[in-house]
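Here's the letter readout for the chains.
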Amino acid sequence: MLSKYLILFALLTVPLASEEAYFTRFEALAKAEKWEEIIAEGTAALDTAVKEDRLYDEAKICAQLTSSSFYLGDYAQALLYANRCHELSESFTDPSLYLRALYLESAVYRAQKDFDRAVEVAEGALRLYEDKELDTPQLLSKIYFNLGAAHADNPNGNLKEAVRCYSTALECAPTPDDRIRTSIRLGKVYLIQKNFDLSQEIIDQVRPQITNDRLAMHADYFEAQLKAAMNETDAAILLANRGLARAITLGAKEDESRLKALLQSLIPKIP
């Protein structure tokens, strides 16, 4: 009889297999951009963390689900996950997860075109990072990237500030993919400023370094915009179609919509 109680106690105190499997598989799934699989497995793992009152695991999973929902274009759901991560992690001793929640919230607000709120939240994250005297370049790079994007995506945004933020993000970006993503973003600001030479220079620099379809899609979209601005319509259409094919394969709905809109602006309508 005692052995039965010991087994029951073990089952109640050890995380369920779905949560263990999720954390084990997450990095590989994220690298392969299997966002729908992450959401399916992460939702099950989140239920387990909630039932067993493991607040840190719950917050971490919410952050991961925020990113996955964001990449799929489900901004409403992404914001719910980001808000929950924010709520949970605000009281943690280590502020890293709380800061992650803040820059994720900023990204979602930006995607929803609430640019003032996006800037406000990202600036709050930066102040907290500085107040805590942290030395985490990867985290600082993410904060500056999202602050720069909040300025750059706003039609009335401060482009000079966007360039400064992106440049700072580049200085502390920890991985080649982060540097490529930030460089493309910086190139888009130069495009808005009609500095086509600098935009093309960035494209030429990053193209040989790209190793995944998502970054290739972003590069295609950026270069198609550049070629369109330079009145090289045929090249722009070719690049936009290539990017659109990648977006469809990735299930990137918002990127698909942007590329379709660009193509519609380039191809004259047939009566």
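The following refers to the structure shown. This structure is a prediction, so every number in the text was calculated from the model and none was measured.

**Some remarks on helix α3 (residues 35-51)**
Taking 1.5 Å per residue, 17 residues should reach 24 Å; α3 reaches 24 Å between its end C-alpha atoms and fits that length. Residue D53 follows α3 closely and has a positive phi angle near 60°.

**A short note on the nonpolar core**
Most often, soluble globular proteins keep nonpolar side chains buried together rather than apart. Formed by 71 residues in total, the largest nonpolar core has its most connected members in I38, L99 and I143. Not counting the four nearest positions on each side in its chain, I38 is found in contact with Y22, F26, L29, A30, T43, L65 and S68. With 15 residues, the next largest nonpolar core counts A224, A236, A247 and L250 among its residues.

**A few points about unusual backbone geometry**
A positive phi angle is found at E33, which is not glycine, with a value near 60°. Along the chain, E33 falls in the loop between α2 (17-31) and α3. In this structure, N231 is a non-glycine residue whose phi angle is positive, near 65°. Mapped onto the elements of the fold, N231 is located in the loop between α12 (213-229) and α13 (233-250). By relative accessible area, which is 66% here, N231 ends up exposed.

**Here's the deal with the packing of α3 against helix α4 (residues 55-71)**
Where α3 meets α4, the closest approach of the two axes is 9 Å, and the angle between their N-to-C directions is 155°. The pairing of α3 with α4 is recorded here as roughly antiparallel in orientation. Between α3 and α4 lies a crossing whose hand is left-handed. Here α3 contributes W35, I38, I39, G42, T43, A45, L46, A49 and V50 to the contact with α4, which in turn contributes D57, E58, I61, C62, L65, S68, S69 and Y71. Its residues assigned to classes, the contact of α3 with α4 shows 11 nonpolar, 4 polar and 2 charged.

**Some details on the packing of helix α9 (residues 159-172) against helix α10 (residues 176-192)**
Close contact between α9 and α10 brings their axes to 9 Å; oriented N to C, the two are set at 160°. With respect to their mutual orientation, α9 and α10 come out roughly antiparallel. Handedness of the α9/α10 crossing: left-handed. Packed against α9, whose contacting residues are L159, A162, V163, Y166, S167, A169 and L170, the element α10 presents R179, T182, S183, R185, L186, V189, Y190 and I192 at the interface. Taken together, the residues that form the contact of α9 with α10 break down as 10 nonpolar, 3 polar and 2 charged.

Parameters and conventions
- Residues numbered from 1 in each chain as written.
- Predicted model: local features only at pLDDT ≥ 70, side-chain atom pairs only at ≥ 80, totals over all residues.
- Heavy atoms only, no water.
- Helix = DSSP H or I, 4+ residues; strand = E, 2+ residues; numbered from the N terminus.
- Expected span 1.5 Å × (residues − 1).
- Core = buried A, V, L, I, M, F, W, Y, C linked by side-chain atoms within 4.5 Å.
- Buried < 20%, exposed > 50% of the residue type's maximum accessible area, 1.4 Å probe, protein only.
- Contact = heavy atoms within 4.5 Å.
- Axes fitted to C-alpha atoms, helices over the stretch in contact; angles between N-to-C directions.
- Parallel < 35°, antiparallel > 145°, perpendicular 65-115°, else oblique.
- Left-handed = near helix turned anticlockwise from the far one by under 90°.
- Nonpolar A, V, L, I, M, F, W, Y, C, P; charged D, E, K, R; others polar.

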